[in-house]
Amino acid sequence: MAPYLKKPALDPVWPPKGYQKKVEVTDADDWWILAAVHGRSDPWDLIVYNFQTRNADEVNWCLHHLVGCRRTTKDGKNYGFGKPCTQKQYVYIPPASWTPPTSEDEDAWLLVSRTLNSSAVKGMHVSLAGLGLSMSAHDFAKIGYLVNVRRIDVRLQRSHPHAAEYVPETDTMILSTLGESAVDRSMIVHEAVHASFDYRRSQGVYTGMIQEECFAYVVQMVYLQKVRGSTWPSSWKDFDAHDTWKAAWVIASKIRTNAQVTKEDIDNLRAAYQDSSAGRGISPDRRTNHNGIY
Ligand SMILES: [Zn+2]
């Protein structure tokens, strides 16, 4: 009997992102031993981290094609480490803080994927000469794609201090809610702008933190106007980023009506952001900490 192999629907990200250690494995190792040695109570943590699947046939496919396993286990149903094999064999150990995705993380991923692949987002093109930044339909499509193939990971953290945050170090978008309102979705669009500049970093695009932040708010407001209409809702008041939103809203309105965005509009937005709790204390020449998405 030979192991069943099933090619995963999505190519696994291999090696997995952000691993803490690369370890060579031999026939003295198995997932249970590796888990015990590396402080994991569940061997599936390591399997899911390496291959992004819990399906046994897909795991066998990964062991065969990615790790180069040819030795089968005693019952013949699975591959094991060690000879015979096609190459030196390695598996990857995640950072201690890494946890396997939960079903809520999957829900968050789906929400992000649907939002970024919606027609409202796909048709967007925002170019702001005053900041020297733009986000084309192609840029949005690219980020939607990177989410779909999980080069960008999505997690739900209900205790997260911000509505949403894109973390360039791990190429992860964190949501704090599974809400699906236009405002909730606009937070995803905002973070997608940061993700896009992280992606473009590997193409030599550098951005200043304040410049990119201001632009992300403008894109977010363009999205909100597209899906909610161009009148500022009277219910939007007394929230922390209110003045930033309002200044970005003015610019978004002008972009949508092809009116001239003035230097004063940009200065107002910059000032509002630097006066908000998010923007306070950020030095004007500080760069973003983007490192590319691989
Ligand atoms: Zn931001």
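Residues numbered from 1 in each chain as written. Predicted model: local features only at pLDDT ≥ 70, side-chain atom pairs only at ≥ 80, totals over all residues. Heavy atoms only, no water.

Describing the domain arrangement of the protein chain
Then step 1. On domain assignment, one finds that the protein chain holds domain 1 (21-93) and domain 2 (103-275).
Then step 2. Computed over C-alpha atoms, the centres of domain 1 and domain 2 are 39 Å apart. (Domains from an automatic or database assignment.)

Quick notes on the coordination of the zinc ion
Then step 1. Every protein donor of the zinc ion is listed here as His190 (NE2), His194 (NE2) and Glu213 (OE), and their distances to the metal cover 1.8 to 2.1 Å.
Then step 2. Mapped onto the sequence, the donors of the zinc ion take the spacing H-x3-H-x18-E. Here the residue histidine 190 and the residue histidine 194 both occupy positions in helix H7 (residues 182-201), the gap between them amounting to four residues, near one helical turn. Both residues of the pair, histidine 190 and histidine 194, count as buried. (Donors = N, O, S within 2.8 Å, 3.2 Å for Na, K, Ca; no water. Helix = DSSP H or I, 4+ residues; strand = E, 2+ residues; numbered from the N terminus. Buried < 20%, exposed > 50% of the residue type's maximum accessible area, 1.4 Å probe, protein only.)

A few points about the packing of aromatic side chains
Then step 1. Applying the stated criterion across every chain yields a total of 13 aromatic pairs.
Then step 2. Between tryptophan 236 and tryptophan 245, the aromatic rings sit 5.4 Å apart at their centres with planes inclined by 80 degrees, giving edge-to-face as the arrangement.
Then step 3. Look at tryptophan 236 and tryptophan 249: their rings are 5.8 Å apart centre to centre, the planes differ by 85 degrees, and that puts the pair in the edge-to-face class. Highlighted residues: tryptophan 236 in the loop between helix H8 (209-228) and helix H9 (242-256) and tryptophan 249 in helix H9, separated in sequence by 13 residues. Residues tryptophan 236 and tryptophan 249 agree in their burial class; the two are buried.
Then step 4. An aromatic cluster of three or more residues is present, and its members are Trp14, Tyr19, Trp31, Phe51, Phe81 and Tyr92.
Then step 5. Of note, lysine 17 hangs over the ring of tyrosine 294, and the distance from its end group to the ring centre comes to 4.5 Å.
Then step 6. The residue whose ring lies beneath arginine 150 is tryptophan 109, and the NZ or CZ to ring-centre distance is 3.9 Å. (Phe/Tyr/Trp six-rings, centres within 6.5 Å; stacked < 30°, edge-to-face > 60°. Lys NZ or Arg CZ within 6 Å of the ring centre and 35° of its normal.)

Overview of helix H2 (residues 43-51)
Then step 1. Counting buried residues in H2 gives eight out of nine residues, a clear majority hidden from the surface.
Then step 2. Within the span of H2, buried status applies to Pro43, Asp45, Leu46, Ile47, Val48, Tyr49, Asn50 and Phe51.
Then step 3. Here the buried face of H2 lies against helix H1 (31-37), helix H3 (56-67) and strand S2 (90-93).
Then step 4. With a side-chain oxygen positioned 2.8 Å from the backbone nitrogen of tryptophan 44, the residue opening H2 is aspartate 42.
Then step 5. One or two steps after H2, the chain reaches glutamine 52, where phi turns positive at roughly 60 degrees. (Contact = heavy atoms within 4.5 Å. Polar contact = N/O pair within 3.5 Å; in protein donor to acceptor, adjacent residues only side chain to side chain.)

Brief notes about unusual backbone geometry
Then step 1. Cis peptide bonds are those with omega within 30 degrees of zero, and the linkage from tryptophan 14 to proline 15 qualifies with -5 degrees.
Then step 2. Along the chain, the position of proline 15 falls in the segment before strand S1 (21-24).
Then step 3. Following lysine 83, the chain continues into proline 84 via a peptide bond in cis, with omega recorded as 0 degrees.
Then step 4. Relative to the elements of secondary structure, proline 84 occurs in the loop between H3 and S2.
Then step 5. One non-glycine residue, glutamine 52, lies in positive phi territory at about 60 degrees.
Then step 6. Structurally, the position occupied by glutamine 52 is in the loop between H2 and H3.
Then step 7. Its identity as a non-glycine residue notwithstanding, aspartate 171 has a phi of 50 degrees, on the positive side.
Then step 8. Mapped onto the secondary structure, aspartate 171 falls in the loop between strand S6 (164-167) and strand S7 (172-175).
Then step 9. On the accessibility criterion, aspartate 171 (3% relative accessible area) is buried.

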